[in-house]
Every structure is written in structure tokens, then in C-alpha cells.
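Per-entry structural report
Chain by chain, the residues run as shown.
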Amino acid sequence: MIASWQQASEILIMLATTQAAGLFYLTRIRIPRPTIGRFAGSDVIVMSVMLISMSLLYPHLPTIAIASIFGLVFTTILNSTLTAVLGGPRAIMTTALLLGLAIVSWVSHENLIMSSASDVVLLACIIGIANTWVQTGASCRHICALVVVLTGYDYLATWVTVLTRVLTERLNGIPLAPILVLPFGKAQIAIGVGDVLVATVWPLVLTKSYGRGHAAVGATIGISAIAATLAANGIGWIPQGRDFPVLVLLGPAILLHYLIAFRSNRTERTVAQWRIAMAEAKRSVDAGDARTAQRAFIVSSSVIDTEQGEPNQWVAYCRGEAVGVEATPALARRAARKAGLDEVPEIVGTTNEKAWCHDPSEMGCSSPPRAGEVIRSHALLHRSRYPES
């Protein structure tokens, strides 16, 4: 039960901060690709099976076994998340400090300290998990498929049965349990890690796939769904002693948002395309060249082969997608490797027929193409393969 509207606002602030930190991490930190490789549809199936099976198993395990499982899982995730930021030694020290604080406070029955330390670890792990999924190739379709499974599970476990209530009571007081607890005030309020993870990963995958406009809408959807749940609970619309499945509101909103985004643009950007676009845009902004910044978001899917002109820009292509744009073939190939491409790309040289300028009325100029517009008649291309050097 919600003790005060202040506590509800603190949960929303915590969620918004997690979303912002996740976006900052996505745009500033590059996670090394894990040994398991790219995110695939089979990962959704594996995670769904593990979620359901472990939820049924937890009530029958001893407390020390549950604490050990959560401690191992979240310690590994936290260390991986911090290593990309702090480096190996500092990440290990920070992880050990937070884990030790949670364990010591649990043994000494300092619930306030234990809850605070656990929340910090869980929020950092949420940021790390969301970024790992997105940076290893998770698409909006993958996240939507996972959301469908989680929404169905949340409804059955929370509203139809008492499984969520049993799990909450069983995990209460265990450090690093997947429940975010706000221990301040006359009563504790809690929200599931899964709800916050879904609300965090959705705007991140939208940033990669469709841009920050859709990402802002996705973040607002997550905050609004949780705010509506907290408000309904606060004014008594939810029966006393009952939990409400947040994903029943959040899941359909995410699916509707994806359908709208997919209808406006049926092609999602890959991680490599997004990184190239961000790097080119940053380089263009730093140089004060607005025209190049607009060209950075253009991906050519239909080109003209010709032997005329001398190339002044080289594009690395792989399977019909642009994965690197630079001034020379070698630099384009290097940009493709930095973007995570393991194959040998096809190098295409381009020559502009017309100079792009800000004033279309100038002689011999044409206005810059809009973001996402495909270059067709404005480019003469030279196509050839260059061996790896």
C-alpha cells in the first residue's frame, strides 16, 4: 500500500533517473560483445523459460540458497556493467564494496542500509542489462516479444493467482532480491525489477532503431504507466492487499507504440548504422558543418553504377547496408570494423553531382537531403572490392 504521494513521486524520479542514466550509458559507453554473441529470438525463449521456472522454484528454496543465487547473478552483472566505465580493478572494488555492504547490513538487521545498497546494485544492473541487449543487436521486435511474455506472466502471477504475493513475502528482507524497495516513510513500497527493466530498455532500443524522438515517447510511456498504477493504488481503486500488474498497462502501450513506429519506418537501424550516424553527427557538429550532419543520417539503399567522376567519399557496405563512411577506402574499412563488422565489406566511392548548400536558390546548388532520404540521382558511384590490409 502506498503510504504517501511523496513516496510515489520518489519512485517516478527513480525511474526517470534510471532511464536517463541508461541513455547516457548507451551513447557514451561501448560494452564489449559477450561470448554468447548477438541477441537473437532464441534469447527471448530462453529468458521466458528461466523466468517462469525460477518463479515456481523460489518458494521452495531455503533463504541462503536464494540469497546466493541472486548475489552471484547480480554481482556478475554489476561487475560487467562497471568494468566498461571504471576498468577492471576499480569495478571489482566497487562491486565488492556494495555487495559487502548489503550482506553486512542483512546480517546485522540494518534493513534501511540493506535496502538502499540493494537498490543501487539493482538499478545499475538494470542499466547494464538494457545496454547489453541493445548493444548486442536486440531489435524492437525482440523487446516486444519479450514484453508479450512478461505481460501474460505478470497478469497470471499477480492478478489471477497469488504467486507474486507469495514471492514477495518469500523474498522480503533478502539482499539483492529482484524487488526495488523504497524504505522511507511509514510503510515500504516496492516495484518489480522487471517493470523497471522494461520501462528502461524500451526507450534505449528505440534510440538505436528509430531515433530520440520515438525514444522520448517510449520513456514517457513507461513513466505514465507506472504513474497510473501508483495513482490508482493511492486513491483506492485497487483492492486493499492486492498487487496490480504494471505490465498490463505498460505492455499494450509499448506494442501500440511499436506499431506506430513500424508503420512510419519499416526498417530499423542496426547497431552499426546507429553508431556510424552518431559518430558522423558528432564529428559534423564539432566541425560546425551542418550539411555533413544531415548527410550522416542518410543510408543509400538504391545506387547508380557508373564510371564517371572521381570519388571523394567512400562507403563500406555489407549485405546492402552502409556500415562505414570515410574520406578514403582504408578509413571506411576501419570504420566498419570499429562498428562491429566482422566480414570484409564492399567499398563504394561516391561523387556528388551538385554541391549541397543552405540556400537552394544559389546557382548550381541543391538543398541538403532530409534525414533518412535515399540518395539516388545526386550521386555517381564507383564500386570495387578492396582486400584487407
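Criteria and thresholds
Residues numbered from 1 in each chain as written. Predicted model: local features only at pLDDT ≥ 70, side-chain atom pairs only at ≥ 80, totals over all residues. Heavy atoms only, no water. pLDDT = per-residue confidence, 0-100. Contact = heavy atoms within 4.5 Å. Patch = residues over 30% accessible without salt bridge, like charges linked within 9 Å, V, L, I, M, F, W, Y side chains within 5 Å. Areas by Shrake-Rupley, 256 points an atom, 1.4 Å probe, with all protein chains shown as cover. Salt bridge = Lys/Arg side-chain N within 4 Å of Asp/Glu carboxyl O. Helix = DSSP H or I, 4+ residues; strand = E, 2+ residues; numbered from the N terminus. Buried < 20%, exposed > 50% of the residue type's maximum accessible area, 1.4 Å probe, protein only. Expected span 1.5 Å × (residues − 1). Core = buried A, V, L, I, M, F, W, Y, C linked by side-chain atoms within 4.5 Å. Disulfide = S-S within 2.5 Å.

Across the chain, pLDDT averages 77, with 75% of residues at or above 70. Confidence drops under pLDDT 50 across residues 288-310; counting only partners more than four residues distant or on other chains, this segment forms 53 contacts. Counted against residues more than four places away or in other chains, residues 351-389, with its pLDDT under 50, gives 97 contacts.

Time to look at a nonpolar patch on the surface. On the surface, Y155, L156, W159 and V160 cluster together into a nonpolar patch covering about 380 Å² of accessible area. Its location among the elements puts W159 in helix α6 (residues 140-160). By relative accessible area, which is 32% here, W159 ends up partly exposed.

This part is about helix α10 (residues 247-264). Compared with the 26 Å implied by 1.5 Å per residue over 18 residues, the 25 Å span of α10 between its first and last C-alpha is a close match. In this fold, the buried residues of α10 make contact with α6, α8 (193-209) and α9 (212-234).

Applying the stated criterion to the full structure yields two salt bridges. For the salt bridge of R141 with E268, the shortest nitrogen-to-oxygen distance reads 4.0 Å. Taken as a pair, R141 in helix α6 and E268 in the loop between α10 and α11 (271-287) lie far apart in primary sequence, 127 residues in all. Of the charged contacts, one joins R165 and D243 as a salt bridge, the two residues approaching to 3.3 Å between their closest N and O atoms. Linking R165 in helix α7 (residues 163-171) with D243 in the loop between α9 and α10, this pair joins segments that are 78 residues apart in sequence.

Attention shifts here to the environment of A102. You can see A102 is positioned in helix α4 (residues 88-107). Spatially, the C-alpha atom of A102 lies 6.3 Å from that of S118, the residues being 16 residues apart in sequence. Dropping the residues within four chain positions of it, A102 is found in contact with M114, A117, S118 and P175.

Counting 69 residues, the largest nonpolar core has F70, W133, I143, L180, W202 and L250 as its most contacted members. Considering each element in turn, this core owes the most residues, ten residues, to α8. In contact with F70, other than residues within four places in its own chain, are Y58, T75, L171, P175, L176, A177 and P178. Ranked by size, the runner-up nonpolar core spans eleven residues in total, among them A272, W314, V323 and L341.

So, about the state of the cysteines. Taken as a whole, this structure holds zero disulfides when the rule is applied. Note on C140: no disulfide assigned, nearest cysteine sulfur contributed by C144 at a separation of 6.4 Å. Given a relative accessible area of 0%, C140 falls into the buried group.

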